[in-house]
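# Structure assessment
The primary structure of each chain is shown beneath.
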Amino acid sequence: MKIKNILIVMLGFSTYFALQLVLRGYEHTESHPSINKAIIEKFNNYYNYDAKIEKFKNYSFNFSTDMTKLTGLALTNPGYIEGSTTNSEASKYVDEWIEHGGYSADEPELQAAVRHFYDPTKAEGSRHLTNRGTYWEGVYPNPRTDAIEWALGDTYKGESNIWSMRIGKASMILALTEKDTNKRKEHLASAYRCLGETLHNTADMGCPPHTRNDSHAAPLGYSGGWILGSPDPYEELFNPSVTESNKDNIPDPNLESYFNSSQTVRSINQRLAQFTNSNFFTNETINGNGLESYTSINKDGKYAAPLLQNLEYLPESFSFVKKFPSGREVILARDQSYFRFRGYPYVDKKAAHSQATELVPNIIHAGVNVMRLFIPHLEIEMKKTDEISDTVEINVKHNTDSEYPNSVLYAGPIYFKVNNKMHDSVLIIEKGKFKGVLPFQIKNNDMISAMIIMPGFRISTEKELRIKMNPLWGVWYIKEVLDDSNDPAAPKKGTVFSGTKFYQVLSNGYVKITNLDGSGLMQLKIDNSGLSFTISGSNSTQSYSQSGSVSSDQEKWTAQTSSNYKSGTNDYYRKYSSSGSRKPLSSKVKNNLDTDEIFSLGNK
């Protein structure tokens, strides 16, 4: 008697651990990552080229090609029960983190299995898995949590999921408000893994057994699983090649429209679950009138739709077929028995792969819209405060929505393009606002755009800002060559002088010329027409005149400069050939600008 009891206990435990090996959706190490990969690729193409929606009109996406490594916690040791898995620090690209989430969502395997069911026909609070495919499935605990609330983390039961959509959005907000580069990358690693795990749920909502309360443990695989379990053909026969061969199929037009207009991830996953539940059989939930009247094998599987009698039957292939709005004719079940007789209907490889032709494109398009809602809507505005200063304003605005109802104030780097070329200067802003001088010199007619660059996507100003300011405005590296003088104290002719000055053209008709540190202030009159200019000034003992022109690219100027001054009763002059460049002068000149020493007009 004792031996018999011991054998029963041993059988129970062995079955328990066998179940842990297979209680999972699709094959999570390959199939779910392949679906996430297809969603990423479709998202990049859809919103970069095919569907430039208002939200993303200033976005560009490179989830598949971004070469930025993000360091975060990845599942490095899979396991079956809570406490048996390990998360360790790892570095991955953006798409790798999202694909990794497709894998890690099914760990630990036993707990993940019972949390990944959502039956839309049941009342709220009862949509979790209740079906037991085998007696032994009662050995492990059922948390009575449905798949969507677990993936989104938006209910009391789901909030303990640390890789939920809720945590992912919080991590994205932290990344957008973190100035430290390394910390920002850590937050993004978390955000993208959470996105990947949410997309795993989207894929499950396009998998019939996950939406039909059909437990499908298969400890010995598809061919022998019936001994201890009830394997589902669709799950067991799905592999990455099925994703690849169906990823470019058009989605159901009604679902496509619904997903494109959805404002919440929950509504997308719920709608996909409803579609899957009401249109597809699992092997153990086939109902209706075929050769005879059939009731589902699964005692919990009596669903109102589909029903065999409402499908087209093709006798030559023993197939029950449904034509979908997408135009595809899908085999939902077959009933060929021995010697080409009809028998109890079933889902086989042919039917499972036919179902995938309809389900995979709808999963992918649903996933594309989950990603659409996961990316916050930011806009960058840049403007000049006036036409005579180099002060600009930058505002990063967050447009709130159902997924991000609270305003996000961006903090971090702003990058720039100047005349369609990336500039190497970066501006760090806080609370989404900046007013001041850019960290690089700007000049008249420059075309400038500002960008937020995040691994996976970038946001640009809608329009380039054309700089309107006097062509002389800015920093100039100046060289003077003494051409002539009647002053015996003057250096010899040909002496070269150099200096660096900052020119600011004022609204009162004056130009303010200073050293870069603001010292040595001179304010002189300026007259200019287009690129030509005349700068002049005088007092009782001195006068100064400089006439020249700025080059068409506004990178250089040349001028003739004349300085007149009195010393005692004598009148003297000095004349120079002057030139300016926005780039440092290559010649090494020790003499400071001569005119600085002899001219100190008009400190207005």
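### What to know about the layout of surface pockets
Where empty space is left in the structure can be found by rolling a water-sized probe over the atoms. Approximately 300 Å³ is the volume attributed to the largest pocket. Of the residues assigned to the lining of the largest pocket, the class counts are seven nonpolar, seven polar and five charged. Put simply, the second largest pocket is a space of about 250 Å³. In terms of lining residues, the second largest pocket is bounded by V418, N419, K421, M422, H423, F440, Q441, I442, K443, D446, E555 and R582. Residue composition of the lining of the second largest pocket, by class: four nonpolar, three polar and five charged.

### Some words on the packing of aromatic side chains
Within the structure shown, the criterion is met by 25 aromatic pairs. Between F56 and F61, the aromatic rings sit 4.9 Å apart at their centres with planes inclined by 75 degrees, giving edge-to-face as the arrangement. Taken individually, F56 and F61 each receive the classification buried, so the pair is uniform in this respect. An angle of 75 degrees between the planes, with centres 6.3 Å apart, marks the rings of Y258 and F259 as edge-to-face. A relative accessible area of 33% places Y258 in the partly exposed class. An aromatic cluster is defined as three or more aromatic residues linked by ring pairs; in this entry it consists of F43, Y46, Y47, F56, Y59, F61, F63, Y192 and F457. Cation over ring: K322 sits above F324, and NZ or CZ is 5.2 Å from the ring centre.

### Focus: the nonpolar core
With 125 residues, the main nonpolar core has F63, Y192, I414, F416 and F457 as its most contacted residues. With 13 residues, helix 14 (residues 349-374) is the single largest residue contributor to this core.

### With respect to the sheet that holds strand 19 (residues 474-485)
Adjacent strands of a sheet form backbone hydrogen bonds with each other and so pair up, either parallel or antiparallel. One closed barrel accounts for eight strands, arranged 19-20-21-22-23-24-25-26; its pairing is antiparallel. Direction aside, neighbouring strands of the sheet carry axes that sit 30 degrees apart on average. The pairing of strand 21 (residues 510-514) with strand 22 (residues 522-529) spans four bridges and is antiparallel. Directly across from Y510, in strand 22, lies its bridge partner K525.

### Digging into the sheet that holds strand 7 (residues 319-323)
Reading across from one edge, 6-7-8-9 is the order of the four strands in this open sheet, with antiparallel pairing throughout. At either margin of the open sheet sits one strand with a lone partner, and together these are strand 6 (312-314) and strand 9 (342-346). Ignoring strand direction, the axes of neighbouring strands in this sheet form an average angle of 35 degrees.

### A look at empty space enclosed by the protein
A complete count under the given rule lists four cavities of 30 Å³ or more for this structure. By volume, the largest cavity is sized at about 140 Å³. Forming the boundary of the largest cavity are 15 residues, of which E480, Y503, M522, Y544 and T595 lie nearest the centre. Split into classes, the residues belonging to the lining of the largest cavity amount to ten nonpolar, two polar and three charged.

### So, the pattern of salt bridges
Under the criterion given, the structure shown has 22 salt bridges. Put simply, D596 and K501 hold a salt bridge, and the shortest N to O gap is 2.7 Å. Of the two residues, D596 is situated in helix 15 (residues 594-598) and K501 in strand 20 (residues 496-505); the sequence distance between them amounts to 95 residues. The class for K501 is buried, based on a relative accessible area of 5%. Members of the salt-bridge network, linked through shared partners, are E41, E244 and K247.

### Quick word on the domain arrangement of the chain
What the domain assignment lists for the chain is domain 1 (3-373), domain 2 (378-466) and domain 3 (474-598). Facing the 28 residues of domain 1 at the interface are 23 residues of domain 2. Together, the buried faces of domain 1 and domain 2 total about 2,300 Å²; carbon and sulfur atoms form 58% of this surface. Linking domain 1 to domain 2 there are three salt bridges. Residue E430 is joined to K179 by a salt bridge in which the shortest nitrogen-to-oxygen separation is 3.1 Å.

### Here we look at the environment of E107
Relative to the helices and strands, E107 is located in the loop between helix 3 (94-104) and helix 4 (109-115). Overall, the relative accessible area of 12% leaves E107 in the buried class. Between the alpha carbons of E107 and A489 there is a distance of 88 Å; along the sequence they are 382 residues apart.

### Some words on the environment of T76
Within the fold, T76 resides in strand 2 (residues 70-77). In sequence terms T76 and N570 are 494 residues apart; their C-alpha atoms lie 89 Å from each other. In contact with T76, other than residues within four places in its own chain, are T86, N87 and S88.

Thresholds, definitions, all that
- Residues numbered from 1 in each chain as written.
- Predicted model: local features only at pLDDT ≥ 70, side-chain atom pairs only at ≥ 80, totals over all residues.
- Heavy atoms only, no water.
- 1 Å grid on protein atoms, 1.4 Å probe; cavity = no way out; pocket = protein on both sides within 12 Å on 5 of 7 lines; lining within 4 Å.
- Points joined across faces, edges and corners; volume = space filled by probe spheres on them.
- Nonpolar A, V, L, I, M, F, W, Y, C, P; charged D, E, K, R; others polar.
- Phe/Tyr/Trp six-rings, centres within 6.5 Å; stacked < 30°, edge-to-face > 60°.
- Buried < 20%, exposed > 50% of the residue type's maximum accessible area, 1.4 Å probe, protein only.
- Lys NZ or Arg CZ within 6 Å of the ring centre and 35° of its normal.
- Core = buried A, V, L, I, M, F, W, Y, C linked by side-chain atoms within 4.5 Å.
- Helix = DSSP H or I, 4+ residues; strand = E, 2+ residues; numbered from the N terminus.
- Pairing = 2+ DSSP bridges.
- Axes fitted to C-alpha atoms, helices over the stretch in contact; angles between N-to-C directions.
- Salt bridge = Lys/Arg side-chain N within 4 Å of Asp/Glu carboxyl O.
- Domains from an automatic or database assignment.
- Contact = heavy atoms within 4.5 Å.
- Buried area = accessible area lost by both parts, 1.4 Å probe.

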